[in-house]
Structures are given as C-alpha cells and as structure tokens.
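Here is how the chains run, residue by residue.
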Amino acid sequence: MDCVKINMESELSRLLNNLSLGDNSLECLTCSACSSRCTWFEGEEGPLPRQIVRMAALGLDQALIDSGMLWDCLVCNRCTQECPMGIQMDVVVRKARSLAAADGQIPEDIKTGIKNKLELGDVNGLTKEEFVETVEWVSEEFVDDVDDDQAEIPHDVAGSKFLYLPNPRELGINLLHLTAMGKLFYAMKETWTLSAFHTDVTNWGYFVGKDDITREMAMMVVEPAEKLGIETLVLSECGHGYHVLKYLLEEIIGRKPGFKVMSIPELCLEYAKKGVLKFDPEVHPYEIAYHDPCNIARKSNGYEAPRELLALCCKGVKELVPNRKDGICCGGGGGLLQDSTTTKKRMISGKPKADQMKATGLKHIAAPCLSCHRQLGELSKHYKLEMKVDTVAAIASESLVL
Ligand code: SF4
Ligand code: SF4
C-alpha cells in the first residue's frame, strides 16, 4: 500500500490551521460526531465529514480535491453544528474549494454562471436589455392581474423605498413567481423597484469559496442599490443569497451598507403585523409542511418569520422532524443543484428529506428558497410523494386580500 505523505506546509494547512478556534481544523479530536450527523450517511456515496477535516488538517490538499467530496458536500453545516471544537464545515470546504477553483477545477455550470454574473450581472446570462424587455412584458400582464391600469412592475426608479432582488428563476422559467411578488408589493402601497444593474440575488462566489469573487458579486448589489437611494433591499427567496446578503454582508464588504436588508417573507410579515397586508387562510384550507433551508435557518438563524407568515395563509403549519437547527438539507445545497450533471446524485442526497416529507402525511410543503423549491419538487416526483411544493411568499401572494 502506498504511504500518504502528510504536508503540514500545504496551502490548505496555511489557510486553515493558523485560524482561531472554529476555523482551525488542527483542533479536530477525530471524534466523528460530525460524521454521525451528515445525512448523506443515510444514502450512499457522499462526503465523509471527519475525513474532510482530517485531510484539510494534514495538508492533503490534492487528495482532498481529487476525492470529489468537496463538491458533493452540501455546505449545510449540519455535521459541525455540534462539533465539540466549534469547527465549521462550510469554512473548511469553502477554503478547500477555493484551491480547486484557483486551478479551474470547478463544475462547468458553476464556472459559466460565475462568468455570466461577473460580465452581465445575471448567472443565466440575461443582458440588461433582455432584463428590461422581460420586466416590461410582465408589467403589461400585471395590469390585468390586479385589475388596475395604473399598476406596474417598475425598474430602475431612483428613490424607491424598496429594491427587490429577484431569483434568476423569476426572470426565466418562473415569471409567474415575479408577478406574485409584484402583487405583494402592490398591496403594501409603497414605492418599489427592480434594477437592471444587478439583476439577481445569487452569489456563486460563495459556492466556490473565492472571497474576492464573493465580494465583487456582493458589491455588484450594494453599489447600484446605494446609487438608487433605496431604504430596504428586499431579497427574493434564496437560501445562500440570504446568508451572503443578509447574514455575512458587512463582513464580506468590510462596512455597513447604506440600506436595510430583509427577505420578502420577513417584509410581508412586518406589513401583516402593521395591518397593511391581509391574508385569507381559507385560500389554503389545509396544513402545509415547512422546510428550513440550511442557509436561512441553521446558518443565519432565520427560523420564525417564514413560519409565522405561512401560518397566516393556511390552516396550519406542520413541522418536519427534525427541524430548525437540526433540519435536514433538501439535498441540493452547496451548488449541487446548480450543477446540471448531479440529478441522479441529488435524488440520493435528498432521500432523507423525501422520507421526512412522506412522514408528514400531507400533500403540501413550502420553503422560503427557490432552489429548495426546485429540489423538493423533483424529490416529490422521483419518490412519488404527490406533494405540491410552493415557496412561502407565493403562498402569501395567493392568500392576499386585495
Ligand atoms: S465533530 Fe469536530 S472534532 Fe469531532 S471529528 Fe468532526 S470536526 Fe473533528
Ligand atoms: S453535506 Fe452537510 S452534513 Fe454532510 S459533510 Fe457537508 S456540510 Fe457536513
């Protein structure tokens, strides 16, 4: 058997072993608590958390990159939530991915999405002209949707109170979701706008662990938003977008942004509490199960607002077991969903989630993330669960009393 050469001077050791407790993989006790919490273990293949941390600690950079575990990891942090040494798997995996990315060793789709975003402002490659054309077309239809010929889906209106940052799916295959969000803003009776200068909420620099790209993409949101003079940046339902733009933003850009950041469910709940938005729960006269996106829940403490909003719009909210900080990833996190070659793999990584969905005995589930929404929909179909999957804000829009 070949001996594995340990390299304590490696690039990854340098990145990880000089850090404080929580980032320092040399502190690892090899206790395997992490491995017992990784839900990939209930399926097949997948990452081995303890092994990832040990390989990182021992400087086995290339062996770790070649193992494939880095890109299978869902970066969900379920494993290291209870790590006795406070080691965070997202830090370890993102640092290791950054080394692979420096050599161009990242999934092709993610590479293309990053290029599109940096060059055009949109991961799908939508140009600013196409963005304006799409929004103006949706706006024309919107007049009929709310039966008001003054209604519109505005873009690039300086001085608006809210700037809505959509998910790329809302500008492509799910335009109806954008209209649904438009209805919520319409009912709030406040000024709002979209912007052609930073069209979507994603930040794939976070997936590949490149701090410079993550910052550049964050600034592509911050600078035009500040130029428009908005009060609040309203994020579409996106797990990693929320984690980057709400939870980590100040750390990433090194200063406070000139606006507040809220997700669309958080904003709707605020306006419901003020008595401005009213919802009719009879529109959904059944219980709806709720899925915690890892990036919003465990990684950003965003547990309650989506649940509270959902509860106003249906007969009741049913918890998956386990949930909140112990919640199980949909199986598409960490960029796995964004890589079109992973469909088969995602049905394996998502099996524990599919089991949770089935155990509810319900026909409806909601998640405040359009990526989880897509993955849960595919799981429902693949495992024949016959569960309808919605986003929380889409449910709220359907229940809206105009
Ligand atoms: S739980 Fe923490 S200390 Fe234990 S093996 Fe995993 S990373 Fe190491
Ligand atoms: S998939 Fe989640 S639980 Fe498993 S190693 Fe990655 S971060 Fe940890």
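Residues numbered from 1 in each chain as written. Chains lettered and ligands numbered in written order. Predicted model: local features only at pLDDT ≥ 70, side-chain atom pairs only at ≥ 80, totals over all residues. Heavy atoms only, no water.

(A) Inspection of helix α11 (residues 211-228) at higher detail. Taking 1.5 Å of rise per residue, 18 residues should cover 26 Å, and α11 covers 26 Å from first to last C-alpha, within 8% of that figure. Those residues of α11 lying buried are Ile213, Thr214, Met217, Ala218, Met219, Met220, Val221, Val222, Pro224, Ala225 and Leu228. Downstream of α11 by one or two residues, Gly229 has phi in the positive range, about 75 degrees. (Helix = DSSP H or I, 4+ residues; strand = E, 2+ residues; numbered from the N terminus. Expected span 1.5 Å × (residues − 1). Buried < 20%, exposed > 50% of the residue type's maximum accessible area, 1.4 Å probe, protein only.)

(B) How the structure looks around the site of ligand 1. Inspection of the region around ligand 1 gives Cys28, Leu29, Thr30, Cys31, Ser32, Ala33, Cys34, Arg50, Val53, Cys83, Pro84 and Met85 as its neighbouring residues. Taken together, the elements giving at least two residues each to the shell around ligand 1 come down to α2 (33-37) and α3 (49-57). A breakdown of the residues in the shell around ligand 1 according to their chemical character gives nine nonpolar, two polar and one charged. (Near = heavy atom within 4 Å. Nonpolar A, V, L, I, M, F, W, Y, C, P; charged D, E, K, R; others polar.)

(C) Highlighting the nonpolar core. Leu64, Met89, Leu233, Leu235 and Leu245 are the most contacted members of the largest nonpolar core, which totals 62 residues. Shared between two domains, this core takes at least three residues from each, and those domains are domain 1 (11-105) and domain 2 (109-270). Excluding anything up to four places from it in sequence, Leu64 contacts Leu12, Ile52, Met55, Ala56, Met69, Leu70 and Ala96. With 42 residues, the next largest nonpolar core counts Phe142, Val146, Leu184 and Met188 among its residues. (Core = buried A, V, L, I, M, F, W, Y, C linked by side-chain atoms within 4.5 Å. Domains from an automatic or database assignment. Contact = heavy atoms within 4.5 Å.)

(D) The arrangement of the site of ligand 2 in detail. Taken together, the neighbourhood of ligand 2 is formed by Cys38, Trp40, Pro47, Pro49, Cys73, Leu74, Val75, Cys76, Asn77, Cys79 and Met89. Split by residue class, the shell around ligand 2 holds 10 nonpolar, one polar and no charged.

(E) Representation of the sheet that holds strand β2 (residues 192-193) within the structure. Strand order in the open sheet made by the four strands is β2-β1-β3-β4, with parallel pairing throughout. Two strands in the sheet have a free side with no partner beyond their single neighbour: β2 and β4 (260-263). Pairing of strand β3 (residues 232-235) with β4, which is carried by four bridges, proceeds in the parallel orientation. When the sheet's bridge partners are listed, Leu233 is paired in β4 with Val261. (Pairing = 2+ DSSP bridges.)

(F) Structural view of the domain arrangement of the protein. Here the protein is described as being made up of domain 1 (11-105), domain 2 (109-270) and domain 3 (277-399). Computed over C-alpha atoms, the centres of domain 1 and domain 2 are 32 Å apart. Listed as interface residues are 10 residues of domain 1 and, on the opposing side, 10 residues of domain 2. Buried area between domain 1 and domain 2, summed over both chains or domains, comes out near 720 Å², and the portion from carbon and sulfur atoms is 46%. Here domain 1 and domain 2 share two salt bridges between them. Salt-bridge contacts for Lys95 lead to Asp211; the nearest nitrogen and oxygen are separated by 4.0 Å. The interface formed by domain 1 and domain 2 contains five residue pairs in polar contact (both at pLDDT 80 or more). (Buried area = accessible area lost by both parts, 1.4 Å probe. Salt bridge = Lys/Arg side-chain N within 4 Å of Asp/Glu carboxyl O. Polar contact = N/O pair within 3.5 Å; in protein donor to acceptor, adjacent residues only side chain to side chain.)

(G) Spatial organisation of the packing of helix α14 (residues 264-273) against helix α15 (residues 304-312). At a minimum axis separation of 9 Å, α14 and α15 run at an interaxial angle of 55 degrees. Judged by the angle between their axes, α14 and α15 are oblique. α14 and α15 meet at a crossing whose hand is left-handed. In this structure, α14 contributes Pro265, Glu266, Cys268, Leu269, Ala272 and Lys273 to the contact, and α15 contributes Ala305, Pro306, Glu308, Leu309 and Leu312. Looking at the contact of α14 with α15, its residues break down into eight nonpolar, no polar and three charged. (Axes fitted to C-alpha atoms, helices over the stretch in contact; angles between N-to-C directions. Parallel < 35°, antiparallel > 145°, perpendicular 65-115°, else oblique. Left-handed = near helix turned anticlockwise from the far one by under 90°.)

(H) Structural detail: the sheet that holds strand β5 (residues 287-290). Spatially, β6-β5-β7-β8 is the arrangement adopted by the four strands of the open sheet, whose pairing is parallel. The open sheet has two edge strands with one neighbour each: β6 (316-319) and β8 (388-391). Adjacent strand axes in the sheet meet at a mean angle of 35 degrees when their direction is disregarded. Helix α18 (residues 370-382) contacts β7 (364-367) and β8 of the sheet and is inclined by roughly 175 degrees relative to β8.

(I) Up close: the side chain of Lys353. On the secondary structure map, Lys353 appears in helix α17 (residues 351-360). Despite its burial, Lys353 pairs with no opposite charge; the closest candidate is Asp292, at 7.2 Å N-O. Among the polar contacts made by the side chain of Lys353, one reaches the side chain of Gln356 at a distance of 2.7 Å. Contacts of Lys353, omitting those with residues within four sequence positions, involve His291, Leu320, Ile328, Cys329, Cys330, Leu376 and Leu379. (Lys, Arg positive; Asp, Glu negative; His and termini not counted.)

(J) Structural detail: the packing of aromatic side chains. The final tally for this structure, using the stated rule, is six aromatic pairs. With a centroid separation of 6.2 Å and 45 degrees between ring planes, the pair formed by Phe162 and Phe185 is classed as tilted. One end of the pair, Phe162, is in strand β1 (residues 162-165); the other, Phe185, is in helix α9 (residues 175-188), and 23 residues separate them in sequence. Taken as a pair, Phe162 and Phe185 share a single burial class, namely buried. Between Lys274 and the ring centre of Tyr271, over which it is positioned, the NZ or CZ distance is 3.9 Å. (Phe/Tyr/Trp six-rings, centres within 6.5 Å; stacked < 30°, edge-to-face > 60°. Lys NZ or Arg CZ within 6 Å of the ring centre and 35° of its normal.)

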